[in-house]
Amino acid sequence: MSKIHVTTTVNGDTVEFLADPRETLLDCLRDKLGLTGSKEGCGTGDCGACSVTVDGVLVSSCLVLGVEAQGKSVTTIEGMDKDGELHPLQRHFVEKAALQCGFCTPGFLVAAKALLDKNPDPTETEVRYWLAGNLCRCTGYDKIVRAVMDAAAEMRG
Amino acid sequence: MPKDEIKQTFRLVGTRPDRPDGLDKVTGRARYGADFSAPGMLWASVVRSPHAHARIKKIDASKALALEGVKAVVTRADFPEVPAGEYWDLQENTIAGERALYDGHAVAAVAATSQLIAHDAARLIEVEYEILPHVTDVDEAFKMDAPVIREGAADYSVPEGSPPNVVKVLDFGRGDVEAGFASADLVKEGHYTTEATHQGYIEPHACVGQLGSDGKGEMWVCTQGHWYIRRMCAGVLGIEAANLRVTASEIGGGFGGKTTIFMEPLSLALSRKSGGRPVKLVMSRAEVLRATGPTASASMDVKIGMTKDGKLTAATAVFRMQGGAFTGSPVDAALNCAFACYELPAVHHLGYDILANRPKAAAYRAPGAPMAAFAVENLLDEMWGELGLDPLDARMMNAAKEGTKSSYGPTFKRIGFEETLEAAKAHKNLSVKLGPNQGRGVAAGFWFNYNGDTSVSLAVAEDGTAQVSVGTPDIGGSRASIALMVAETLGIEYEDVRVSVVETGALGVNEPTHGSRATFATGKAAVEAAESAIKDMCRRAAKKWGIDEDAVEWVDGAARPAGPNAGKFPPLSIVEIAAKMSSTGGPIAGHYEGNPPGVGESFGTHVVDVEVDPETGRTEILRYLVVQDAGRAIHPSYVEGQYQGGAVQGIGWALNEEYVYGADGRLQNPVFLDYRIPVASDLPMIDTVIVEVPNPGHPYGVRGVGETGITPPLPAVANAIAAATGIRMHSLPISPSKLLAAMNAKRKG
Ligand code: FES
Ligand code: FES
């Protein structure tokens, strides 16, 4: 099958790659662009480890085709800190021990940021339902939810 | 040993600094199993049996090999013959021989220049099967006329005339159980079942393997123990262990499931067959669920006797567990843990390890203990409830303590079960009044904890900082806790200690991070290594001062003369000693190799409040309390994290998770959508109380915290549901449909 040339923006940089029409955006990010921060936990849209935003919309990148990124703007975990300065969510995740193995962490951070961008003052229930598409097997979610709430409070000032 | 014989306050131990790998893990930089690539790398894909049990008549790879980009195909024929035993089992599970033994059993593997080509090629490999009768249910597999998984697999413990799939029988106990039951006022029996669940780590298995025709190779892999990977791959492939260098990647969860091999030898065999090119192999989620270690399913009978005051007089357990198509269900540990929380004058255990057409069971957090607890704590709760006793008081009356001869043999040294019951009783959750359809459940749990082969090395750098090389992969913050203990011991700052998980070529053999051993065993080994470096530094100071080395002591990061008689010299700090290392004897290092003694058992008590929806049968967790004895919490945040994570895995096991096999023997739910683990919206915050009854066998009192927490949730949730509904559920999971059916039956009378 012949490959398709894709030009897109990832974390503010213009990038190009050749994608087989069957390859997911997650495959392209990880294997063609070397952005391995987004993880594959399921490949079926059930775990959220591959969460990225495309034109500001939170998506599971395992359910998006690489060729669909043409002309779009993609943000991944690698684009979350600004010139080495961590986003408050990232800082609170480390400080509050909101990760154990850390494999789910990139997806949680990207998803949580999408929540706070929309709703800077979520209730615990809103956080829990927003993050219900992100699976974590290690933490029982307690410290993750607390870290998100604390980061939100700090960002509200 | 009284508590105060171990120091209680520390400069660093017990604080909560940021973990050293935190920055990498919140920025996406941390490299996990599938994040590694090598020059010239190929991608692999595995062909798996769609049948539960089938004879493999023919494998035709010609079409796959004709596909452009395909470099090699391997089948069992590419593996050497190995004698019966562990390596034969591992090889047979890695790739089927004459028969496929379960749905998902690997049959062939292919390597190609891209992942897509590899997957396409796998579909072109034609396998001809002759379907054989199969059995997946544990009680069916226990029957005399069940389809036989493997002739001759039973060991010496199995009596003549046993059902053909029984491969091991355990039979042990002490005291006169019949007399114990005769002296009881209340005797009850119950039958309980639990379905298999998966560890459910979010990171699928992944590796990159390289093996040359000279027999030398390398592997990058996500694992709990890379020395096990080395030894097992070498055994399966017939190569020398020392010729395989294995590096552990960051690991995305394991819970016991990454303590063995599954597809790793396939990548090495494919590499060897394609001229030594590195081969990357990443499992899909469906492959993880179909072909990697779930836990066993269990069918259990328990009988307990007690006086009218609730004091236990005798107990027996008969457990049947299938651990897939190979010997190795955790029935042994299940029996040993079953009654470990209690003082029992008489106890008897009988267990059967049974083969079935399911994937080879792997360890899962306190292997066997949760199932045993489900049965035993369920029946105890029912009986104490019948006698009108408070569940915490009744447990206290029977609690194992220092000096108790445990149900499984050894006499307990200082343990903290009673302290967990006291702390649970004092917790605010216990005074919350419950509403209609709500119920409170209590249960206790136990895990042995473990030591195991451990090798650690520590080196002081020229500036007085310290590097520690360990061999136990860090799954939940162990680098932080080891750095805290080493910094405390050396008298330097936490930030001045860097702990690295190093490859197999860098240390002696290390067992995996399993059995709750890393903070205990690797931690103790690291402290011993630090002590030997301190000894060397004291020796150098003594030499400089011209005094006896016994006259030097190490205090707050510096060598000092010990007492006025030793002489008057200003302290020599680690920084000063390190700066002069080259002229005072060369590198300063310390190391430890051994199997550190002094393991301390861990007990926990959980209290859960639930509400059951009478319309749907859905159980909601309202509140959850974990109380557990950590011995000492080195980094309390990660101890709490272990408690919370264990509790939630147990909640999933109790309410949702199960392997569902169809009549055709195929796994019906190999995706996270259908194999539903708890999500954030299912749960409240998980309250924790860390009890610290220091383990006298560890320099800082550590017991180990990983496993115990998954044990009580299964019965605690069931007991809470019984309190809410009046219905005692004897089989897990307590799914809404199952509970609703039971409630409807009760309503109909
Ligand atoms: S990998 Fe995309 S949702 Fe799981
Ligand atoms: S921290 Fe391991 S899966 Fe979330």
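The rules behind the values
- Residues numbered from 1 in each chain as written.
- Chains lettered and ligands numbered in written order.
- Predicted model: local features only at pLDDT ≥ 70, side-chain atom pairs only at ≥ 80, totals over all residues.
- Heavy atoms only, no water.
- Helix = DSSP H or I, 4+ residues; strand = E, 2+ residues; numbered from the N terminus.
- Rg over C-alpha atoms; globule rule 2.2 N^0.38 Å.
- Buried < 20%, exposed > 50% of the residue type's maximum accessible area, 1.4 Å probe, protein only.
- Contact = heavy atoms within 4.5 Å.
- Areas by Shrake-Rupley, 256 points an atom, 1.4 Å probe, with all protein chains shown as cover.
- Lys, Arg positive; Asp, Glu negative; His and termini not counted.
- Charge placed at Lys NZ, Arg CZ, Asp CG, Glu CD.
- 1 Å grid on protein atoms, 1.4 Å probe; cavity = no way out; pocket = protein on both sides within 12 Å on 5 of 7 lines; lining within 4 Å.
- Points joined across faces, edges and corners; volume = space filled by probe spheres on them.
- Nonpolar A, V, L, I, M, F, W, Y, C, P; charged D, E, K, R; others polar.
- Core = buried A, V, L, I, M, F, W, Y, C linked by side-chain atoms within 4.5 Å.
- Salt bridge = Lys/Arg side-chain N within 4 Å of Asp/Glu carboxyl O.
- Buried area = accessible area lost by both parts, 1.4 Å probe.
- Polar contact = N/O pair within 3.5 Å; in protein donor to acceptor, adjacent residues only side chain to side chain.
- Axes fitted to C-alpha atoms, helices over the stretch in contact; angles between N-to-C directions.
- Parallel < 35°, antiparallel > 145°, perpendicular 65-115°, else oblique.
- Left-handed = near helix turned anticlockwise from the far one by under 90°.
- Expected span 1.5 Å × (residues − 1).

Time to look at the overall build of chain B. Along its length, chain B carries 19 helices and 26 strands. Relative to its length of 749 residues, chain B is compact, with a C-alpha radius of gyration of 27 Å against a globular reference of 27 Å. Considering only C-alpha atoms, chain B reaches an extent of 90 × 75 × 50 Å along its principal axes. Among the 749 residues that make up chain B, the fraction classed as buried is 64%. Taking the contacts inside chain B whose residues are at least 6 apart along the sequence as the reference set, 80% of them involve residues at least 24 apart. When the accessible surface of chain B is split by element, carbon and sulfur atoms take 51% of a total near 25800 Å². Taken together, the 72 basic and 90 acidic charged side chains of chain B have centroids lying 2 Å from each other.

In this chain, L732 of chain B is followed by P733 of chain B through a cis amide linkage whose omega measures -5 degrees. One non-glycine residue with positive phi stands out, namely D83 of chain A, at about 50 degrees. Topologically, D83 of chain A is positioned in the loop between β5 (73-75) and α2 (88-95). Judged by relative accessible area, D83 of chain A falls into the exposed class, the value being 85%. Backbone geometry places R365 of chain B, a non-glycine residue, at a positive phi of 25 degrees. Inspection of the secondary structure assignment puts R365 of chain B in the loop between β15 (347-354) and α11 (369-386).

Time to look at the layout of surface pockets. Looking at the second largest pocket, its volume works out to about 1200 Å³. Considering the residues around the second largest pocket, the lining is formed by 46 residues, among which D27 of chain A together with W43, Q115, L116 and H119 of chain B are closest to the centre. For the lining of the second largest pocket, the leading source of residues is helix α4 (residues 115-124) of chain B, giving seven residues. The residue inventory of the lining of the second largest pocket, partitioned by class, reads 17 nonpolar, twelve polar and 17 charged.

Here we come to the nonpolar core. F93 of chain A together with L266, I304, F319 and F339 of chain B are the most contacted members of the largest nonpolar core, which has 182 residues in total. The element contributing the most residues to this core is α11 of chain B, with ten residues. Setting aside residues up to four positions removed in sequence, L266 of chain B forms contacts with V46, V74, F79, T94, I95, A106, A109 and L281 of chain B. Counting residues in hydrophobic clusters, the runner-up holds 51 residues, among them I482, M537, A566 and V702 of chain B.

With that settled, consider the pattern of salt bridges. Residue and element names in this part refer to chain B. Overall, the coordinates contain 54 salt bridges over all chains when judged by the stated rule. D682 is the partner of R676 in a salt bridge, and the nearest nitrogen-oxygen pair spans 2.8 Å. The exposure class of R676 is partly exposed, given its relative accessible area of 34%.

What follows is about the interface of chain A and chain B. The interface of chain A with chain B comprises 47 residues on the first partner and 54 residues on the second. At the boundary of chain A with chain B, total buried surface from both sides reaches about 4100 Å², with 58% on carbon and sulfur atoms. In this structure, the connection of chain A to chain B is made through five salt bridges. We note a salt bridge from E640 of chain B to K143 of chain A, for which the minimum N-O separation is 2.6 Å. At the boundary of chain A with chain B, the tally comes to 24 residue pairs in polar contact (both at pLDDT 80 or more). Those elements that place two or more of their residues in the side of chain A that touches chain B are α1 (25-32), α2, α3 (105-118), α4 (124-130) and α5 (142-156) of chain A. By residue class, the composition of the side of chain A that touches chain B is 20 nonpolar, ten polar and 17 charged.

What follows covers the packing of helix α17 (residues 636-655) of chain B against helix α18 (residues 713-725) of chain B. Residue and element names in this part refer to chain B. Where α17 contacts α18, the axes come no closer than 8 Å and their chain directions differ by 55 degrees. Put simply, α17 runs oblique to α18. Here α17 and α18 pass one another in a crossing that is right-handed. Contacts between α17 and α18 involve G646, A647, G650, I651, W653, A654 and L655 from the former and P713, L714, V717 and I721 from the latter.

In this section: α5 of chain A. All names here are of chain A. A rise of 1.5 Å per residue sets the reference length of α5, with its 15 residues, at 21 Å; its end C-alpha atoms lie 21 Å apart and thus fit the reference within 8%. Listed in full, the buried residues belonging to α5 are D142, K143, I144, V145, A147, V148, A151 and A152. Directly beyond the C-terminal end of α5, a positive phi value near 85 degrees is found at G157.

Let us now look at the environment of N449 of chain B. Residue and element names in this part refer to chain B. As for its placement among the helices and strands, N449 is situated in the loop between β16 (438-447) and β17 (454-460). Classification of N449 by relative accessible area gives buried; the value is 6%. In sequence terms N449 and H198 are 251 residues apart; their C-alpha atoms lie 21 Å from each other. If near-sequence neighbours (up to four positions away) are discounted, N449 is found in contact with G515, S516, V599, G600, E601, S602, R703 and G704.

This next bit is on empty space enclosed by the protein. Residue and element names in this part refer to chain B. Enumeration according to the criterion identifies six cavities of 30 Å³ or more in this entry. There is about 80 Å³ of room inside the largest cavity. Elements with a minimum of two residues in the lining of the largest cavity: α10 (331-338), α11 and β16. With four residues, the single largest contributor to the lining of the largest cavity is α11. Per-class residue counts for the lining of the largest cavity are ten nonpolar, two polar and one charged. Its volume calculated, the second largest cavity comes out at about 60 Å³. As for the second largest cavity, its lining consists of R48, N93, T94, Y102, A106, F262, M263, M283 and A291.

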